[in-house]
Amino acid sequence: MRKMTTFGLASLSLLPSLAMAAPPAVADKADNAFMMICTALVLFMTLPGIALFYGGLIRAKNVLSMLTQVSVTFAMVCVIWMLYGYSLAFSTGNAFFGDFSMAMLKNIQLTALVGTFYQYIHVSFQASFACITVGLIVGALAERIRFSAVLIFVAIWVTFSYLPIAHMVWSGGLLAQDGALDFAGGTVVHINAAVAGLVGAYLVGKRAGFGKEAFKPHNLPMVFTGTAILYVGWFGFNAGSASAANEIAALAFLNTVMATAGAMLSWTFGEWALRGKPSLLGVCSGAIAGLVAITPACGYVGVGGALVIGIIGGLAGLWGVTVLKRWLRVDDPCDVFGVHGVCGIVGCILTGVFASSSLGGVGYAPGVTMGHQIWVQLYSVGITVVWTGVVAFIAFKVADMTVGLRVTEDHEREGLDVNSHGENAYNQ
């Protein structure tokens, strides 16, 4: 069995002891340019990608509130990341947290490197992942949460959920030590955000009129535009996680293409069979499902494995938003858990299967069997679900006790745009 080569974000253990033991690194201009482009693409996924995608899914009277929530939380996470977030995620620390040795980005020299690119780029690249993770959560809270409550939640949740899970998976922490495979964020981004969103959706409650009134997306062309931006940006998300312009980046790039195509088709034909008609919303949802499912696997599996993961991911996402959502009896307006949670879990587990060299993957670590790797993947999913669920519950409760989670019913029915932000998206 071939040895698993450690690529992607999991390889970026910025421990000084490891850096000292390695040969002196040399900056590579191509890798620096590649990583800056990938960072810009991931930032573009949040502003405007996820903002437009979610904004089109909700009602016209709340679209500006969604754009504002995504934009302001984006800015908050950037500042938190510089103040202490990067340090707690990527310094040495212990199995759960880093330390404050790089708080305010101190002790990072202008010429410091991570591999062959400058560490400042790594700071930016990782900040873009933290930003979109928070952006994903607000879709589950849409149309009824107080803006101030969102900000309080984000400050607490990023500090005590995103940062430790990023450290555990990508910086030599607990899950990395156990051998969990997460190339670009199945646990850190998608499951982490989806479970937090699910907890928030339960705590904030269902929208007024939910189950009695039709809540239809107000602008499907906006949803399509957001989907297209997310799709293009995802190449920065996945290929950039190779941390160099190399053959693994090329593999992750192609796997992203194939998995997304497979999921778009499986969701479309599945919906066609169930409902009698294929919809644009289904096509867009299938694309996101495939992108989510391949994220943890893209640098570890072969192209055939990526296609299978995408096909399964598309069907799993369709099940998540049509069946599981009813079982859970939750009002998740943008199907954050049904797509990002379900497909993130599916992708993480299938990474353990299709990373096998016998199935075209790059192979496992020495002595690791498929059964053991699948167990590790399940374990990493479980840790992530419990950790983020507990932290999210506490964070939402703190927000509720301080400012209250929910707007008044009158304000909710009139719309958050005018009541929370004093403006309308569409004026005649």
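All values reported here derive from a predicted model rather than from experimental measurement.

Another point: the overall build of the chain. A count of helical and extended segments in the chain gives 15 helices and 2 strands. What you see for the chain is a C-alpha radius of gyration of 21 Å, in line with the 22 Å of a compact globule of 428 residues. Here the C-alpha coordinates of the chain stretch approximately 65 × 50 × 35 Å along the principal axes. Buried residues in the chain amount to 57% of all 428 residues. Accessible surface computed for the chain: about 16,200 Å², of which carbon and sulfur atoms make up 68%. Positive and negative side-chain charges of the chain, numbering 20 and 19 respectively, have mean locations separated by a distance of 7 Å.

Attention now goes to the UniProt feature "domain: Ammonium transporter AmtB-like" (unreviewed entry) in the chain. Here the UniProt-annotated "domain: Ammonium transporter AmtB-like" (unreviewed entry) positions come out as residues 33–426. Helix and strand shares over residues 33–426 are 69% and 1% respectively, and the end C-alpha atoms of the span are 40 Å apart.

A separate point is unusual backbone geometry. Cis peptide bonds are those with omega within 30 degrees of zero, and the linkage from Leu-47 to Pro-48 qualifies with 15°. For Pro-48, the location among the structural elements is in helix H2 (residues 29–57). The phi dihedral of Glu-143 falls on the positive side, at around 80°, and the residue is not glycine. Structurally, Glu-143 can be placed in the loop between helix H4 (119–137) and helix H5 (147–170). At Asp-335, a residue that is not glycine, the phi angle is positive and equals roughly 55°. Residue placement: Asp-335 occurs in the loop between helix H11 (303–328) and helix H12 (336–354).

Core analysis: the biggest nonpolar cluster contains 127 residues, and Tyr-54, Trp-81, Phe-153, Trp-157, Tyr-162 and Phe-237 have the highest contact counts within it. Examining the composition of this core, we find that 14 residues originate from one element, H5, more than from any other. The contacts of Trp-81, once residues within four sequence positions are left out, are Tyr-86, Ala-89, Phe-90, Val-123, Gln-126, Ala-127, Ala-130, Tyr-162 and Leu-163.

Structurally, the α-helix is built with 3.6 residues per turn, so residues lying three or four positions apart point the same way. Along its 15 residues, helix H10 (residues 280–294) runs 21 Å from first to last C-alpha, staying within 8% of the 21 Å computed at 1.5 Å per residue. For H10, the complete set of buried residues consists of Gly-282, Cys-284, Ser-285, Gly-286, Ala-287, Ile-288, Ala-289, Gly-290, Leu-291, Val-292, Ala-293 and Ile-294.

Turning next to helix H7 (residues 186–204). When the terminal C-alpha atoms of H7 are compared, their 26 Å separation across 19 residues agrees well with the 27 Å that a helix rising 1.5 Å per residue should span. A large share of H7 lies buried, amounting to 17 of its 19 residues. Once H7 ends, the next one or two residues include Gly-205, with phi positive near 90°.

Applying the stated rule across the entire model yields 19 aromatic pairs. Taking 5.9 Å as the distance between ring centres and 15° as the angle between the ring planes, the aromatic pair formed by Phe-96 and Trp-387 counts as stacked. Of this pair, Phe-96 sits in the loop between helix H3 (63–90) and strand E1 (113–114) while Trp-387 sits in helix H13 (residues 370–402), and the two are 291 residues apart along the sequence. Accessibility expressed as a relative area gives 23% for Trp-387, which makes it partly exposed. Plain terms: the ring middles of Tyr-231 and Phe-235 are 5.2 Å apart, the flat faces sit at 65° to each other, and that makes the pair edge-to-face. Taken together, the residues Tyr-231 and Phe-235, both in helix H8 (residues 220–239) and 4 residues apart, mark about one turn of the helix. Overall, the relative accessible area of 26% leaves Tyr-231 in the partly exposed class. Since its relative accessible area comes to 11%, Phe-235 is described here as buried. Of the aromatic side chains, those joined through ring pairs into one cluster are Phe-125, Phe-129, Trp-170, Trp-234 and Phe-237.

A few words on the state of the cysteines. Inspection of every chain in the model, using the stated rule, returns 0 disulfides. With no disulfide partner, Cys-38 has as its closest neighbouring cysteine sulfur the one in Cys-298, 11 Å distant. Considering cysteine sulfurs only, Cys-284 is the nearest to Cys-334, which forms no disulfide, with 13 Å between them.

So, about the packing of H11 against H12. Orientation of H11 relative to H12, taken along the N-to-C sense of each, is 145°, at an axis distance of 8 Å. Both H11 and H12 take part in a crossing whose hand is right-handed. Between H11 and H12, the contacting residues are Gly-305, Val-308, Ile-309, Ile-312, Gly-313, Ala-316, Gly-317, Trp-319, Gly-320, Val-321, Leu-324 and Leu-328 on the first element and Phe-337, Gly-338, Val-339, Val-342, Cys-343, Val-346, Leu-350 and Phe-354 on the second. Tallied by class, the residues present in the contact of H11 with H12 amount to 15 nonpolar, 5 polar and no charged.

Within the secondary structure, Ser-380 is located in helix H13. Overall, the relative accessible area of 3% leaves Ser-380 in the buried class. Polar side-chain contacts of Ser-380 include one of 2.7 Å to the backbone oxygen of Gln-377. Apart from the residues within four sequence positions on either side, Ser-380 is in contact with Leu-175, Ala-180 and Thr-187.

Before going further, it helps to spend a moment on a nonpolar patch on the surface. A surface patch of nonpolar side chains, amounting to about 330 Å² of accessible area, comprises Val-79, Met-82, Leu-83 and Met-104. Overall, the relative accessible area of 51% leaves Met-104 in the exposed class.

Once that is clear, we can look at the environment of Leu-315. With respect to the helices and strands, Leu-315 occurs in helix H11. In sequence terms Leu-315 and Ser-266 are 49 residues apart; their C-alpha atoms lie 5.9 Å from each other.

All right, on to the pattern of salt bridges then. Evaluation of the coordinates by the stated rule reveals 8 salt bridges. In this structure, the salt-bridge partner of Asp-335 is Lys-325, at a minimum N-O distance of 2.9 Å. In this pair, Asp-335 sits in the loop between H11 and H12 while Lys-325 sits in helix H11, placing the two residues 10 residues apart along the sequence. For Arg-406, the salt bridge is made with Glu-412, and the minimal N-O distance between the two is 3.0 Å. For Arg-406, a relative accessible area of 24% gives the class partly exposed.

Analysis parameters
- Residues numbered from 1 in each chain as written.
- Predicted model: local features only at pLDDT ≥ 70, side-chain atom pairs only at ≥ 80, totals over all residues.
- Heavy atoms only, no water.
- Helix = DSSP H or I, 4+ residues; strand = E, 2+ residues; numbered from the N terminus.
- Rg over C-alpha atoms; globule rule 2.2 N^0.38 Å.
- Buried < 20%, exposed > 50% of the residue type's maximum accessible area, 1.4 Å probe, protein only.
- Areas by Shrake-Rupley, 256 points an atom, 1.4 Å probe, with all protein chains shown as cover.
- Lys, Arg positive; Asp, Glu negative; His and termini not counted.
- Charge placed at Lys NZ, Arg CZ, Asp CG, Glu CD.
- UniProt positions renumbered as here; feature names shortened; annotations may be inferred.
- Core = buried A, V, L, I, M, F, W, Y, C linked by side-chain atoms within 4.5 Å.
- Contact = heavy atoms within 4.5 Å.
- Expected span 1.5 Å × (residues − 1).
- Phe/Tyr/Trp six-rings, centres within 6.5 Å; stacked < 30°, edge-to-face > 60°.
- Disulfide = S-S within 2.5 Å.
- Axes fitted to C-alpha atoms, helices over the stretch in contact; angles between N-to-C directions.
- Left-handed = near helix turned anticlockwise from the far one by under 90°.
- Nonpolar A, V, L, I, M, F, W, Y, C, P; charged D, E, K, R; others polar.
- Polar contact = N/O pair within 3.5 Å; in protein donor to acceptor, adjacent residues only side chain to side chain.
- Patch = residues over 30% accessible without salt bridge, like charges linked within 9 Å, V, L, I, M, F, W, Y side chains within 5 Å.
- Salt bridge = Lys/Arg side-chain N within 4 Å of Asp/Glu carboxyl O.

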